[in-house]
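# Structural description and commentary
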Amino acid sequence: MAKGNKLTTRAENYPEWYNDLVKKADLAENSEVRGCMVIKPYGYAIWERMQQTLDQMFKDTGHVNAYFPLFIPKSFLSKEADHVDGFAKECAVVTHHRLMNAPDGSGVVVDPDAKLEEELVVRPTSETIIWSTYRNWIQSYRDLPLLINQWANVVRWELRTRMFLRTAEFLWQEGHTAHATQEEAVEEAERMLGVYGDFAEETLAIPVIRGVKTERERFAGALDTYCIEGLMQDGKALQAGTSHFLGQNFAKAFDVKYATKDNKEEYVWATSWGVSTRLMGALIMTHSDDEGLVLPPSLAPHQVVIVPIYRKDDEKDKVLAKCAEIAQTLKTAGIRVKLDDDDTKKPGWKFAEWELKGVPIRIALGPRDLANGKIEVARRDLKTKEVMDLTDTVDETMTALLADIQTQIYQKAKTFREENTTSVDTYDEFKAQLEKPIPGFIYAHWDGTTETEEKIQAETKATIRCIPIGNEQEEGVCIYSGKPSKQRVLFAKAY
RNA sequence: CGAGGUGUAGCACAGUCCGGUUAGUGUACCUGCUUUGGGAGCAGGGGGCCGCAGGUUCGAAUCCUGCCACCUCGACCA
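In what follows, the accompanying structure is described.

Conventions we followed
Residues numbered from 1 in each chain as written. Chains lettered and ligands numbered in written order. Predicted model: local features only at pLDDT ≥ 70, side-chain atom pairs only at ≥ 80, totals over all residues. Heavy atoms only, no water. Pairing = 2+ DSSP bridges. Helix = DSSP H or I, 4+ residues; strand = E, 2+ residues; numbered from the N terminus. Axes fitted to C-alpha atoms, helices over the stretch in contact; angles between N-to-C directions. Contact = heavy atoms within 4.5 Å. Near = heavy atom within 4 Å. Polar contact = N/O pair within 3.5 Å; in protein donor to acceptor, adjacent residues only side chain to side chain. Nonpolar A, V, L, I, M, F, W, Y, C, P; charged D, E, K, R; others polar. Buried < 20%, exposed > 50% of the residue type's maximum accessible area, 1.4 Å probe, protein only.

Turning to the sheet that holds strand β20 (residues 374–379), a few remarks are in order. In any sheet, the strands associate via hydrogen bonds between backbone groups, in a parallel or an antiparallel arrangement. Taken in spatial order, the 5 strands of this open sheet run β18-β17-β19-β20-β21, and their pairing is mixed. In this open sheet, the two strands that pair with only one neighbour each are β18 (337–339) and β21 (384–389). Direction aside, neighbouring strands of the sheet carry axes that sit 20° apart on average. Taken together, the 6 bridges between β20 and β21 define a ladder with antiparallel strand orientation. Paired with Glu-376 across the bridge in β21 is Val-387. Here helix α10 (residues 347–356) sits on the sheet and contacts β17 (304–308), β18 and β19 (361–365); the angle it forms with β17, its principal contact strand, is near 170°.

To continue, consider the protein's contact with RNA strand B. Around RNA strand B, the surrounding shell holds 37 residues, and the nearest of these are Arg-160, Arg-166, Arg-278, Trp-349 and Asp-369. In RNA strand B, the atoms that sit within 4 Å of the protein are 41% sugar and phosphate, with bases accounting for the remainder. The side chain of Lys-346 places a nitrogen or oxygen atom 3.3 Å from a sugar or linking oxygen of RNA strand B. Separating a base oxygen of RNA strand B from a backbone N or O atom of Gly-366 is a distance of 3.4 Å. Residue assignment for the surface near RNA strand B shows that the elements contributing at least two residues are α1 (14–24), α10 and α11 (367–372). Each residue belonging to the surface near RNA strand B can be placed in one class, and the counts come to 14 nonpolar, 7 polar and 16 charged.

Position of Thr-463 relative to the elements: it lies in strand β24 (residues 463–468). Residue class for Thr-463 comes out buried when judged on its relative accessible area of 8%. Here the side chain of Thr-463 touches Arg-465 through a polar contact of 2.7 Å, side chain to side chain. Excluding its chain neighbours within four sequence positions, the residues that come into contact with Thr-463 are Arg-216, Glu-217, Gln-457, Leu-490, Phe-491, Ala-492 and Ala-494.

Nothing here speaks to function; it is all geometry.
Spelled out as structure tokens, the structure:
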């Protein structure tokens, strides 16, 4: 029995470990729809916490929420040339609006008479529908800036999917802003990258590199794509968020102009930015271990779980009363606490279950503790246990412990990243590094051409994740072409 | 779309090569008793169009043909 619920270990098979964990920690499961997952309550609770935190950060930076249609008329997609190139291959298309019983009684079929005049595309992203709407909303410089975010689902018909990391349908937020000047728009794109970076590091406890994408890796239709890149435990990079400076491309495509103070007509400047349920994947692959999920306290649906231990009914009453008292104290202090008083499960089972689910702190209290005025406190991240006095300030103790866990898992991830970041000067060194079990982040000189970038990828599978912001400038030569280079860029194998 | 693999109870699998009792094991589920400080023990019980459609045969989970679905690894991508 004890073996029954063990995860595949990371060393055995990393992708399988990931899949096992997602299922066994009750985060999500594959649905009966190809490439689409069901996010289960526990997984969704974590996503909701991400949403709440981000939503507040967006509002604090002046944004408001709105909602645009799921469907986009096909013709909209073709108005921006690069944009359609980027998404055309992965769009789900609605062609009919009615079903009917099959004439031969074999079931339900699409009614051929219900064909749409113009097909509707299920949004892969909302730039086009939003910019066609903005045209009506923007007339004057007084209407700017327009700072809007939407929480939505989008569909990209991916050939190969993995839960949270790449699913055909996924949940995300997309911000779409309009500005009077290029400077303002660039500032906005950079501001939101900052928001994402802070969110990743402070809330998710994932250290990230902030950078700019190369031309080849840029969002379809953008002039610049900013990104945050995290390093997962298997040494592969994961793009955790992007923010795009769109220039006037969409304003021109959808004819969105405004009157300046001196009554000149100008196209507006745009940004868009988004993070998705992929962050769940980043969270899992950054912190979790062979025992299961490890959650940062900031996101844990239950920050503290209390497991009562008892044998007889009189013990049960006393132990539960004390547990409830502790739970109330913690709750009052603003701690998300779960008293696991489920009578049908034994303590050992609960210990294992809550470890699998990544609850940061577990308190166990039994008759022995009750008699001695103690509690047993276990930390999920370090897998340590200690018996401590149960005092009136248990809430302060737990609050401090939660803060410490949040800091420590971030530090641990950061140390891992630093230990797995290398700098190389030759192509041979580069290739050798990529052959290692944990290839990690690799800094190397690059000549700045797409051609070189593509050849390196074709030969090694490594891509340029970004050109880090504030990158140190130094003279060097491209590892591939030998041409001069002024800075190192960040390479990695990526998800 | 290329290469592999898998479809049998909620889940994980055995059985298929070599056709033949009532299709089996673990786990989960239900009932009872004993248990409860690291995924409890015993006893009893329920649950199966063996992926789908044809075919061969006295007889098919097993052999043949066709189809479908899913998974892993590539190419494409957040």
